[in-house]
There are 2 protein chains.
Amino acid sequence: MTAYLDPRSGQTWPLEAPRWRGGDGQPLLLTDLPGITRGEIEPTAPGLWRYAAALPFLPRQPIAMGEGRTPLLPRRLDGFEALLKCEWLMPTGSFKDRGAAVMLSLLREQGITAVLEDSSGNGGAAIATYAAAGGMRARILVPESTSPAKTVQSRAAGAEIQLTPGSRQDCADEALRQGNDPASGFFYASHNWHPFFLQGTKTLAYELWEDLGFEAPDAVVIPCGAGSNVLGCDIGFGELLRAGQIARLPRLYAAQPAHCGPIAREALGLPPLPPRPTMAEGTAIAQPIRPAEVLGALRRSGGGGVLLEEAEIAAASLSLARQGIYVEPTCAQAVAALGKLAAAGSIRPGERVVVILTGTGLKATPRYAEMLGIGPV
Amino acid sequence: MTAYLDPRSGQTWPLEAPRWRGGDGQPLLLTDLPGITRGEIEPTAPGLWRYAAALPFLPRQPIAMGEGRTPLLPRRLDGFEALLKCEWLMPTGSFKDRGAAVMLSLLREQGITAVLEDSSGNGGAAIATYAAAGGMRARILVPESTSPAKTVQSRAAGAEIQLTPGSRQDCADEALRQGNDPASGFFYASHNWHPFFLQGTKTLAYELWEDLGFEAPDAVVIPCGAGSNVLGCDIGFGELLRAGQIARLPRLYAAQPAHCGPIAREALGLPPLPPRPTMAEGTAIAQPIRPAEVLGALRRSGGGGVLLEEAEIAAASLSLARQGIYVEPTCAQAVAALGKLAAAGSIRPGERVVVILTGTGLKATPRYAEMLGIGPV
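An unreviewed UniProt entry lists chain A under the name Threonine synthase, with Muricoccus roseus as the source organism. The record in UniProt for chain A states the following under Cofactor (unreviewed entry): "pyridoxal 5'-phosphate".

This is the structure:
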């Protein structure tokens, strides 16, 4: 039976009772699932729901809005042939829709009707939107300093936006407090904490496997903040390996900004550094919740970490835009990482390398205006 | 042989020589194409390119970025079961990608390397982006009053943004002037003028036909400015009828803002009115280029026009957003039109009705902020 799992102690909890962390406040994963074969793909299901048989259980009514089945575009980048996985081409404009759609569908199946999240970015927009689509109430906590423009998408979806005093960390602490308080009436459906979110991001691995004619790529270069796409690929490709569908795991590389890259630093054997502001704001996570698990995934795969300077991130953003690929600088850094990995010989010509692009440039208009020198917009 | 056609005089011109209007400056269409059967769909081609056999000729290298194959979501709206065709889930955030991808692919095949367009909206963004993806130069003319925020996406794609003095009409006139001047070095690849653009929008009809199990819907409700989706549906479903793939044309309904709805007004037998500003800015086309053809398409189909007040457009926008569908007010008006058509008995319960949603809400953040009463952002 699938169960919630504390990967550090091995302790488990039954899946039936909704829970988002362990008894000591630790983050959880799920026990290993067996994975599915290509024959278990449901060809008529929309988007990522074709891989629903790989989920821990089936929601009778998935909250589906066309998430998944994103384009995989072959492109020559810095002289290297790679495949761009356009995870930004999603209903809310980011890869977070995989996690939000699956997590909220499973939680709704378990009887949850009101969800709490803390994020003024893509995570908050995805939770607010899928909650709306699923007829669930949503409360999104954001720091009181958050510009109103950042929450328009979530507010339009009908979410209650709660401005919390203090820093982003204070906001996360308040979310934890409310999440632990049964009287709040909200279940903490955090894109960072809940293991069901990773059940959504793991469908990226299944999709790449199908995109590539039911084979794994040689390497996947992933923009990494908290690491939900690294863990999603680790879980998904791990299941495919167990199910005998692929011969080996692809190497996973985590691209992080040099200004805030704790996971990549540790992967590279570098000492910690205090975080500095970065234009790759979606990956500016100074204290990720599952650092050991993300590092373990990188190492197990034979991949590693890459750190990108701001100038490299900006150059990659503009270079992609000049090819018609308009994405957030947060994910353009993965293209910069590809160049560095190729230059270092870590990835080699002839290998099948996928670069994950996670967020639409339409949410980064002020950044692009700045990079283009056309002033504040 | 397919040729350019002046639908009013019947005059034709050979397709081989690039041309965007007739000898007297009139807009052109193409002569009738035979349409394709389901056996001619190319199942492994990406997005709309699965219908490439329906195009007047095949580009050796389509400029493809994942456009087409958009979600069709069943939703209950105002008590009426309808199907939402999410044409906003496209690489640049709007349905214009169908037209831009096909038009520029065909023009590039004919040797065009530099294109001119006039639009500060979705059309300009799509032309700039697909030109970038296809290695073509692009010049986009916009009125000098255009806010820089509106052109960031096109500038990021490397397009030359030319600010032109005067009104939107002055800008269109300048585009016509440059388009007629061989010395400009740019071919006028206007999303409004060039008939190849409609060859792209017609793939919407093919896609709906396949979405619905190779049948036509009973009715399609379409946000209408210049009418490229009305004409695309007319051309596409017309071809399918000729090819014996559907039994009859769906009724086409054009939704236009009451503040600027010349086509719907004429369809309803109402006298012209001077245009007023509308939040449905993408459909605020006071002088469409092919009014007779659009009206003919509505009438031939047995459909018609619907006019929407600003309050109705705002209410439909927020109502959709509350269900997780975050789109431009420009297209939300089609949902308001659905309600009116149902109330009038023009569409009936049990009919298969498709509502076309054409642009992402991520480009309408200031509008939503206003509607939500959270002030300028």
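A. How the structure looks around unusual backbone geometry. Residues and elements named next belong to chain A. One non-glycine residue, Asp78, lies in the positive phi region at around 55 degrees. Relative to the elements of secondary structure, Asp78 occurs in the loop between β4 (72-77) and β5 (80-86). Taking relative accessible area as the criterion, Asp78 reaches 70% and is therefore assigned exposed.

B. Expanded view of the sheet that holds strand β10 (residues 219-223) of chain A. All names here are of chain A. Sheet architecture is open: six strands sit in the order β4-β5-β13-β10-β11-β12, paired in mixed fashion. Only two strands of the sheet have a single partner each, and these edge strands are β4 and β12 (304-308). The sheet shows a mean angle of 30 degrees between the axes of neighbouring strands, taken without regard to direction. Pairing between β10 and strand β13 (residues 353-357): three bridges, direction parallel. Pairing of Val220 across the sheet is with Val354, part of β13. Packing against the sheet, helix α10 (residues 310-321) makes contact with β4, β5, β11 (251-257), β12 and β13, and its axis sits at approximately 90 degrees to β12.

C. Here's a closer look at the sheet that holds strand β10 (residues 219-223) of chain B. Residue and element names in this part refer to chain B. Read from one edge of the open sheet, six strands run β4-β5-β13-β10-β11-β12, paired in mixed fashion. A single partner strand is all that each edge strand has here, and the edge strands are β4 (72-77) and β12 (304-308). Taken over all neighbouring pairs, the strand axes of this sheet differ in orientation by 30 degrees on average, direction set aside. Relative to strand β13 (residues 353-357), strand β5 (residues 80-86) is paired through four bridges, and the arrangement is parallel. Residue Leu84 lies in a different strand from β13, and its bridge partner there is Val355.

D. Examining the packing of aromatic side chains more closely. Tallied over the full model, the rule gives 16 aromatic pairs over all chains. Measuring from ring centre to ring centre gives 4.7 Å for Tyr326 of chain A and Tyr368 of chain A, while their planes differ by 40 degrees; the resulting arrangement is tilted. One end of the pair, Tyr326 of chain A, is in the loop between α10 and α11 (329-343); the other, Tyr368 of chain A, is in helix α12 (residues 365-371), with 42 residues separating them in the sequence. One exposure class covers both Tyr326 of chain A and Tyr368 of chain A, and it is buried. Look at Trp20 of chain B and Trp193 of chain B: their rings are 5.3 Å apart centre to centre, the planes differ by 85 degrees, and that puts the pair in the edge-to-face class. Here Trp193 of chain B lies in the loop between β9 (187-188) and α5 (195-201) and Trp20 of chain B lies in the loop between β2 (12-14) and β3 (29-30), a separation of 173 residues in the sequence. The pair Trp20 of chain B / Trp193 of chain B is uniform in exposure class, with both members buried. Of the aromatic side chains, those joined through ring pairs into one cluster are Tyr51, Tyr206, Trp209 and Phe214 of chain A. Lying over the aromatic face of Trp193 of chain B, Arg21 of chain B brings its terminal NZ or CZ to 5.9 Å of the ring centre.

E. Focus on the packing of helix α10 (residues 310-321) of chain B against helix α11 (residues 329-343) of chain B. Residues and elements named next belong to chain B. It is at 8 Å that the axes of α10 and α11 come closest, and there the two elements cross at 100 degrees. One finds that α10 runs roughly perpendicular with respect to α11. In this structure, α10 uses Glu312, Ile313, Ala316, Ser317 and Leu320 to contact α11, whose residues at the interface are Pro329, Ala332, Gln333, Val335, Ala336 and Lys340. Residue composition of the contact of α10 with α11, by class: seven nonpolar, two polar and two charged.

So, how was this worked out
Residues numbered from 1 in each chain as written. Chains lettered and ligands numbered in written order. Predicted model: local features only at pLDDT ≥ 70, side-chain atom pairs only at ≥ 80, totals over all residues. Heavy atoms only, no water. UniProt positions renumbered as here; feature names shortened; annotations may be inferred. Helix = DSSP H or I, 4+ residues; strand = E, 2+ residues; numbered from the N terminus. Buried < 20%, exposed > 50% of the residue type's maximum accessible area, 1.4 Å probe, protein only. Pairing = 2+ DSSP bridges. Axes fitted to C-alpha atoms, helices over the stretch in contact; angles between N-to-C directions. Contact = heavy atoms within 4.5 Å. Phe/Tyr/Trp six-rings, centres within 6.5 Å; stacked < 30°, edge-to-face > 60°. Lys NZ or Arg CZ within 6 Å of the ring centre and 35° of its normal. Parallel < 35°, antiparallel > 145°, perpendicular 65-115°, else oblique. Nonpolar A, V, L, I, M, F, W, Y, C, P; charged D, E, K, R; others polar.

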